[in-house]
Amino acid sequence: MKFRRSRLLLCAIAAFFLPLAGSVAAYYAGDNARDWRGARRDSTGLAPDPATIREAVIQVYSARAVRWRGAFGVHTWVAAKPRGAAEYTRFEVMGFGVGNGRQAVRVREGIPDGYWYGNEPTLLRDLRGGAEVDAMIARLHEAAGRYPHANEYRIWPGPNSNTFVAYLAREVPELRLELPSTAIGKDYLPDGALFGAAPSGTGAQFSLLGLLGITVAAEEGLELNLLGLSLGVDVWPPALKLPGIGRVGVPEHVPGSAMWGVRRLGGKGVGGALAGGAAAPLAAEAVRP
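Colleague: Which parts of the structure should I look at to understand the environment of Asp-113?
Modeller: With respect to the helices and strands, Asp-113 occurs in the loop between β4 (105-109) and β5 (122-129). Between the C-alpha atoms of Asp-113 and Tyr-61, which are 52 residues apart in sequence, the distance is 7.4 Å. Residues within four places of Asp-113 in sequence aside, it is in contact with Asp-42, Ser-43, Thr-44, Gly-45, Leu-46, Ala-47, Tyr-61 and Pro-121. Among the polar contacts listed, one links the side chain of Asp-113 to the backbone nitrogen of Ala-47, at a separation of 2.9 Å.

Colleague: Please clarify how the pairing of strand β10 (residues 229-234) should be interpreted in this entry.
Modeller: One face of the sheet, then the other: side chains in a regular strand alternate in exactly this way. The buried count for β10 comes to five of six residues, which makes it a mostly enclosed element. Note that strand β9 (residues 221-226) and β10 share five bridges and pair antiparallel. Opposite Leu-226, over in β10, you have Leu-229 as the bridge partner. Between β9 and β10, which pair antiparallel in sequence order, lie two residues; one of them, Leu-227, sits at a positive phi of approximately 55°. With three bridges joining them, β10 and strand β11 (residues 239-242) adopt antiparallel strand pairing. Counterpart to Asp-234 in the pairing with β11 is Ala-239. Connecting the antiparallel pair β10 and β11 is a turn made up of four residues.

Colleague: Mind showing me how you'd approach the sheet that holds strand β6 (residues 195-197) here?
Modeller: In any sheet, the strands associate via hydrogen bonds between backbone groups, in a parallel or an antiparallel arrangement. The seven strands lie next to each other as β6-β7-β8-β9-β10-β11-β12, forming an open sheet whose pairing is antiparallel. Two strands bound the open sheet, and with one partner strand each, they are β6 and β12 (246-249). The average angle at which neighbouring strand axes cross in this sheet is 15°, direction not considered. Pairing of strand β8 (residues 212-217) with β9 involves six bridges; the strand directions are antiparallel. The residue of β9 that forms the bridge with Val-216 is Leu-222.

Colleague: So what exactly am I meant to see when it comes to the pattern of salt bridges here?
Modeller: A pair can form between side chains of opposite charge whenever their charged atoms are brought close. One pass over the structure, following the stated rule, counts 15 salt bridges. Its salt-bridge partner being Asp-126, residue Arg-128 comes within 2.9 Å of it at the nearest N-O pair. A single burial state applies to Arg-128 and to Asp-126, both of which are buried. Ionic pairing is found between Asp-187 and Lys-186, a salt bridge with its closest N-O pair at 3.3 Å. When sorted by exposure, Asp-187 lands in the same class as Lys-186, which is buried. Overlapping salt bridges, with partners in common, bring together Glu-178, Lys-186, Asp-187, Glu-223, Asp-234, Lys-241, Arg-247 and Glu-252 in one network.

Colleague: Honestly, the packing of aromatic side chains in this entry has me stumped. Any pointers?
Modeller: Geometrically, a pair of aromatic rings is defined through the distance of the ring centres and the angle of the planes. Scanning the model with the defined rule gives nine aromatic pairs in all. Note on Trp-77 and Trp-116: the rings are 6.0 Å apart at their centroids and 35° apart in plane angle, and the pair reads as tilted. Of this pair, Trp-77 sits in strand β2 (residues 74-81) while Trp-116 sits in the loop between β4 and β5; the two residues are 39 residues apart in sequence, bridging distant segments of the chain. The class of Trp-77 is buried, set by a relative accessible area of 0%. With relative accessibility at 5%, the residue Trp-116 sits in the buried group. An aromatic cluster of three or more residues is present, and its members are Tyr-61, Trp-77, Phe-96, Trp-116 and Tyr-117. It is Arg-41 that lies over the ring of Tyr-117; its NZ or CZ is 4.2 Å from the centre.

Criteria and cut-off values
- Residues numbered from 1 in each chain as written.
- Predicted model: local features only at pLDDT ≥ 70, side-chain atom pairs only at ≥ 80, totals over all residues.
- Heavy atoms only, no water.
- Helix = DSSP H or I, 4+ residues; strand = E, 2+ residues; numbered from the N terminus.
- Contact = heavy atoms within 4.5 Å.
- Polar contact = N/O pair within 3.5 Å; in protein donor to acceptor, adjacent residues only side chain to side chain.
- Buried < 20%, exposed > 50% of the residue type's maximum accessible area, 1.4 Å probe, protein only.
- Pairing = 2+ DSSP bridges.
- Axes fitted to C-alpha atoms, helices over the stretch in contact; angles between N-to-C directions.
- Salt bridge = Lys/Arg side-chain N within 4 Å of Asp/Glu carboxyl O.
- Phe/Tyr/Trp six-rings, centres within 6.5 Å; stacked < 30°, edge-to-face > 60°.
- Lys NZ or Arg CZ within 6 Å of the ring centre and 35° of its normal.

The structure is reproduced here in C-alpha coordinates:
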(Lines give C-alpha, C1' and ligand atoms only; values in the text may rest on other atoms or scores of the structure.)
Protein backbone atom coordinates (compact mmCIF):
# COMPACT_ATOMS: atom_id res chain seq x y z
CA MET A 1 0.00 0.00 0.00
CA LYS A 2 2.82 2.42 0.86
CA PHE A 3 4.56 1.57 -2.41
CA ARG A 4 1.34 2.24 -4.32
CA ARG A 5 0.87 5.62 -2.66
CA SER A 6 4.49 6.56 -3.32
CA ARG A 7 4.13 5.61 -6.97
CA LEU A 8 0.97 7.71 -7.34
CA LEU A 9 2.73 10.66 -5.72
CA LEU A 10 5.70 10.33 -8.07
CA CYS A 11 3.39 10.13 -11.09
CA ALA A 12 1.57 13.28 -9.94
CA ILE A 13 4.83 15.16 -9.46
CA ALA A 14 6.08 13.98 -12.85
CA ALA A 15 2.84 15.11 -14.53
CA PHE A 16 3.41 18.65 -13.28
CA PHE A 17 7.15 19.03 -13.55
CA LEU A 18 8.24 16.99 -16.57
CA PRO A 19 6.28 19.20 -19.03
CA LEU A 20 7.68 22.24 -17.26
CA ALA A 21 11.22 20.93 -17.62
CA GLY A 22 10.59 20.37 -21.32
CA SER A 23 9.32 23.92 -21.70
CA VAL A 24 12.37 25.36 -19.97
CA ALA A 25 14.72 23.26 -22.13
CA ALA A 26 12.95 24.34 -25.33
CA TYR A 27 13.03 27.98 -24.28
CA TYR A 28 16.77 28.06 -23.67
CA ALA A 29 17.49 25.98 -26.75
CA GLY A 30 15.70 28.59 -28.86
CA ASP A 31 16.67 32.10 -29.84
CA ASN A 32 15.63 33.88 -26.65
CA ALA A 33 18.82 35.77 -25.85
CA ARG A 34 17.67 39.03 -27.50
CA ASP A 35 17.82 42.32 -25.60
CA TRP A 36 14.24 42.98 -24.49
CA ARG A 37 14.82 46.75 -24.50
CA GLY A 38 15.10 46.77 -28.27
CA ALA A 39 12.61 43.99 -28.94
CA ARG A 40 9.57 44.40 -31.17
CA ARG A 41 6.39 46.01 -29.80
CA ASP A 42 4.65 46.72 -33.11
CA SER A 43 1.31 45.35 -34.31
CA THR A 44 0.95 41.75 -35.47
CA GLY A 45 -2.17 42.53 -37.51
CA LEU A 46 -4.49 40.38 -35.38
CA ALA A 47 -6.73 43.28 -34.33
CA PRO A 48 -9.18 44.89 -36.78
CA ASP A 49 -8.20 48.38 -37.91
CA PRO A 50 -10.40 50.95 -36.09
CA ALA A 51 -10.22 53.15 -39.17
CA THR A 52 -12.23 50.59 -41.13
CA ILE A 53 -14.18 48.69 -38.43
CA ARG A 54 -16.87 50.70 -36.66
CA GLU A 55 -18.23 47.93 -34.41
CA ALA A 56 -17.16 47.54 -30.80
CA VAL A 57 -14.35 45.03 -30.20
CA ILE A 58 -12.99 43.22 -27.15
CA GLN A 59 -9.95 40.99 -27.62
CA VAL A 60 -7.83 39.09 -25.12
CA TYR A 61 -4.21 38.16 -25.83
CA SER A 62 -1.40 36.17 -24.27
CA ALA A 63 2.31 36.15 -25.10
CA ARG A 64 5.36 34.55 -23.56
CA ALA A 65 6.66 36.65 -20.69
CA VAL A 66 9.86 38.69 -20.89
CA ARG A 67 13.29 37.03 -20.49
CA TRP A 68 13.57 33.93 -18.27
CA ARG A 69 9.91 34.19 -17.24
CA GLY A 70 8.96 33.15 -20.75
CA ALA A 71 10.26 29.65 -20.06
CA PHE A 72 7.49 29.21 -17.50
CA GLY A 73 4.50 31.27 -18.53
CA VAL A 74 2.73 34.04 -20.37
CA HIS A 75 1.61 37.63 -19.90
CA THR A 76 -2.04 38.37 -20.71
CA TRP A 77 -3.95 41.55 -21.46
CA VAL A 78 -7.31 42.83 -22.73
CA ALA A 79 -7.74 45.28 -25.62
CA ALA A 80 -11.06 47.04 -26.26
CA LYS A 81 -12.52 49.57 -28.69
CA PRO A 82 -16.06 51.02 -28.34
CA ARG A 83 -18.12 51.62 -31.44
CA GLY A 84 -16.64 54.34 -33.62
CA ALA A 85 -13.51 54.77 -31.45
CA ALA A 86 -10.29 55.63 -33.26
CA GLU A 87 -8.00 53.86 -30.78
CA TYR A 88 -7.89 50.74 -28.62
CA THR A 89 -7.52 50.77 -24.85
CA ARG A 90 -5.27 48.15 -23.25
CA PHE A 91 -6.12 46.77 -19.81
CA GLU A 92 -3.13 45.11 -18.16
CA VAL A 93 -0.93 44.88 -15.08
CA MET A 94 2.81 45.45 -15.30
CA GLY A 95 5.45 45.15 -12.62
CA PHE A 96 7.75 47.80 -14.07
CA GLY A 97 7.95 50.74 -11.67
CA VAL A 98 5.73 49.30 -8.94
CA GLY A 99 8.69 49.20 -6.55
CA ASN A 100 9.05 52.96 -7.05
CA GLY A 101 5.42 53.70 -6.25
CA ARG A 102 3.87 53.38 -9.70
CA GLN A 103 0.48 51.69 -9.95
CA ALA A 104 0.51 48.16 -11.35
CA VAL A 105 -2.77 48.57 -13.25
CA ARG A 106 -2.28 50.26 -16.61
CA VAL A 107 -5.40 51.28 -18.54
CA ARG A 108 -4.38 53.38 -21.53
CA GLU A 109 -4.53 53.70 -25.28
CA GLY A 110 -2.06 51.47 -27.09
CA ILE A 111 -1.38 48.90 -29.76
CA PRO A 112 -3.89 46.10 -29.05
CA ASP A 113 -2.03 43.24 -30.70
CA GLY A 114 1.61 44.20 -30.41
CA TYR A 115 4.52 41.84 -29.88
CA TRP A 116 5.23 41.52 -26.17
CA TYR A 117 8.92 42.47 -26.14
CA GLY A 118 9.57 40.33 -29.19
CA ASN A 119 7.14 37.54 -28.37
CA GLU A 120 4.24 37.08 -30.77
CA PRO A 121 0.84 37.12 -29.03
CA THR A 122 -1.91 34.52 -29.26
CA LEU A 123 -5.51 35.69 -29.61
CA LEU A 124 -7.61 34.05 -26.87
CA ARG A 125 -10.96 35.76 -27.36
CA ASP A 126 -12.46 38.01 -30.05
CA LEU A 127 -15.83 39.54 -29.22
CA ARG A 128 -17.57 42.11 -31.44
CA GLY A 129 -20.91 43.86 -31.64
CA GLY A 130 -22.83 47.01 -30.84
CA ALA A 131 -24.36 48.45 -27.69
CA GLU A 132 -24.00 45.15 -25.81
CA VAL A 133 -20.23 45.12 -26.30
CA ASP A 134 -20.00 48.84 -25.50
CA ALA A 135 -21.70 48.07 -22.16
CA MET A 136 -19.19 45.31 -21.47
CA ILE A 137 -16.29 47.69 -22.18
CA ALA A 138 -17.73 50.17 -19.68
CA ARG A 139 -17.87 47.36 -17.12
CA LEU A 140 -14.23 46.48 -17.84
CA HIS A 141 -13.29 50.07 -16.96
CA GLU A 142 -15.33 49.89 -13.76
CA ALA A 143 -13.81 46.54 -12.78
CA ALA A 144 -10.27 47.76 -13.44
CA GLY A 145 -10.95 50.73 -11.17
CA ARG A 146 -11.88 48.53 -8.23
CA TYR A 147 -9.23 45.82 -8.65
CA PRO A 148 -8.06 45.22 -5.06
CA HIS A 149 -4.36 44.78 -5.91
CA ALA A 150 -3.89 47.89 -8.04
CA ASN A 151 -0.63 48.78 -6.29
CA GLU A 152 0.79 45.28 -5.95
CA TYR A 153 2.76 43.01 -8.25
CA ARG A 154 4.31 39.66 -7.43
CA ILE A 155 5.56 37.37 -10.19
CA TRP A 156 4.69 34.23 -8.25
CA PRO A 157 2.16 33.09 -7.21
CA GLY A 158 0.40 36.44 -7.70
CA PRO A 159 -1.14 38.94 -7.83
CA ASN A 160 0.31 39.61 -11.29
CA SER A 161 -0.87 40.37 -14.83
CA ASN A 162 -2.75 37.09 -15.13
CA THR A 163 -4.45 37.62 -11.76
CA PHE A 164 -5.76 40.93 -13.10
CA VAL A 165 -7.08 39.53 -16.38
CA ALA A 166 -8.73 36.62 -14.55
CA TYR A 167 -10.35 39.20 -12.24
CA LEU A 168 -11.71 41.17 -15.21
CA ALA A 169 -13.03 37.96 -16.74
CA ARG A 170 -14.90 37.07 -13.54
CA GLU A 171 -16.37 40.57 -13.39
CA VAL A 172 -17.52 40.35 -17.03
CA PRO A 173 -18.41 36.65 -17.35
CA GLU A 174 -20.03 37.18 -20.78
CA LEU A 175 -16.50 37.01 -22.14
CA ARG A 176 -16.45 33.29 -21.28
CA LEU A 177 -12.68 33.63 -21.17
CA GLU A 178 -10.56 30.53 -20.67
CA LEU A 179 -7.03 31.55 -19.77
CA PRO A 180 -4.17 29.23 -20.78
CA SER A 181 -2.60 26.87 -18.27
CA THR A 182 0.63 28.87 -18.70
CA ALA A 183 -1.01 31.99 -17.26
CA ILE A 184 0.62 31.60 -13.86
CA GLY A 185 -1.23 33.73 -11.32
CA LYS A 186 -4.69 33.28 -12.83
CA ASP A 187 -5.66 31.04 -9.91
CA TYR A 188 -4.65 33.58 -7.27
CA LEU A 189 -8.03 34.77 -5.99
CA PRO A 190 -8.15 38.46 -4.99
CA ASP A 191 -8.08 39.32 -1.28
CA GLY A 192 -6.92 35.81 -0.44
CA ALA A 193 -10.34 34.23 -1.03
CA LEU A 194 -10.51 30.45 -0.98
CA PHE A 195 -13.49 30.05 -3.32
CA GLY A 196 -14.55 31.92 -6.42
CA ALA A 197 -15.95 31.67 -9.90
CA ALA A 198 -13.77 30.24 -12.64
CA PRO A 199 -12.41 33.03 -14.90
CA SER A 200 -14.81 31.91 -17.65
CA GLY A 201 -17.80 32.30 -15.35
CA THR A 202 -18.94 28.79 -16.26
CA GLY A 203 -17.87 26.99 -13.10
CA ALA A 204 -16.09 27.36 -9.77
CA GLN A 205 -12.67 27.02 -8.25
CA PHE A 206 -10.92 26.55 -4.94
CA SER A 207 -7.51 28.09 -4.47
CA LEU A 208 -5.13 28.42 -1.54
CA LEU A 209 -3.29 31.63 -2.40
CA GLY A 210 -2.69 30.37 -5.93
CA LEU A 211 -0.49 27.54 -4.64
CA LEU A 212 -2.95 24.66 -4.43
CA GLY A 213 -6.37 24.37 -5.97
CA ILE A 214 -8.86 22.94 -8.41
CA THR A 215 -11.12 24.41 -11.09
CA VAL A 216 -14.18 22.70 -12.57
CA ALA A 217 -16.01 24.56 -15.32
CA ALA A 218 -17.67 24.09 -18.69
CA GLU A 219 -15.03 26.20 -20.45
CA GLU A 220 -11.91 25.25 -18.49
CA GLY A 221 -12.83 21.61 -17.98
CA LEU A 222 -10.91 20.17 -15.03
CA GLU A 223 -7.74 21.91 -13.87
CA LEU A 224 -5.47 21.10 -10.94
CA ASN A 225 -3.18 23.79 -9.57
CA LEU A 226 0.07 23.02 -7.74
CA LEU A 227 2.50 25.80 -6.82
CA GLY A 228 0.96 28.03 -9.49
CA LEU A 229 1.28 25.38 -12.22
CA SER A 230 -1.87 24.16 -13.97
CA LEU A 231 -2.53 20.66 -15.27
CA GLY A 232 -5.87 19.85 -16.82
CA VAL A 233 -8.18 18.33 -19.38
CA ASP A 234 -10.56 20.32 -21.58
CA VAL A 235 -13.53 18.30 -22.80
CA TRP A 236 -14.53 20.59 -25.67
CA PRO A 237 -12.62 21.46 -27.73
CA PRO A 238 -10.66 18.42 -26.51
CA ALA A 239 -7.16 19.13 -25.25
CA LEU A 240 -4.63 18.51 -22.52
CA LYS A 241 -3.37 21.55 -20.63
CA LEU A 242 0.21 21.19 -19.43
CA PRO A 243 2.47 23.31 -17.21
CA GLY A 244 4.95 25.39 -19.20
CA ILE A 245 3.81 23.95 -22.52
CA GLY A 246 0.19 25.00 -22.55
CA ARG A 247 -2.66 23.58 -24.61
CA VAL A 248 -2.04 20.37 -26.57
CA GLY A 249 -4.99 19.44 -28.78
CA VAL A 250 -7.72 21.40 -30.53
CA PRO A 251 -7.11 25.17 -30.14
CA GLU A 252 -9.56 27.17 -28.04
CA HIS A 253 -9.60 30.02 -30.58
CA VAL A 254 -8.55 30.12 -34.22
CA PRO A 255 -8.62 33.57 -35.89
CA GLY A 256 -10.79 33.45 -38.98
CA SER A 257 -12.37 30.10 -38.08
CA ALA A 258 -16.12 29.70 -38.56
CA MET A 259 -16.33 27.49 -35.45
CA TRP A 260 -13.67 28.88 -33.10
CA GLY A 261 -13.40 32.45 -34.35
CA VAL A 262 -15.15 35.76 -33.76
CA ARG A 263 -18.07 35.82 -31.33
CA ARG A 264 -20.63 38.54 -32.14
CA LEU A 265 -23.33 39.96 -29.87
CA GLY A 266 -26.51 41.47 -31.24
CA GLY A 267 -26.87 42.53 -34.83
CA LYS A 268 -29.32 41.60 -37.59
CA GLY A 269 -30.60 38.07 -37.38
CA VAL A 270 -28.96 37.36 -34.06
CA GLY A 271 -31.09 36.97 -30.96
CA GLY A 272 -30.33 37.76 -27.35
CA ALA A 273 -29.00 40.91 -25.71
CA LEU A 274 -27.42 42.23 -22.56
CA ALA A 275 -29.56 44.58 -20.54
CA GLY A 276 -27.50 47.06 -18.57
CA GLY A 277 -24.85 45.21 -16.55
CA ALA A 278 -26.81 41.99 -16.15
CA ALA A 279 -25.52 38.81 -17.65
CA ALA A 280 -27.48 37.14 -20.46
CA PRO A 281 -26.76 34.22 -22.79
CA LEU A 282 -24.28 34.98 -25.54
CA ALA A 283 -25.77 35.29 -28.99
CA ALA A 284 -23.28 34.45 -31.67
CA GLU A 285 -23.03 34.43 -35.42
CA ALA A 286 -19.88 32.34 -35.25
CA VAL A 287 -19.17 30.46 -32.07
CA ARG A 288 -17.77 27.10 -31.16
CA PRO A 289 -20.35 24.54 -29.98
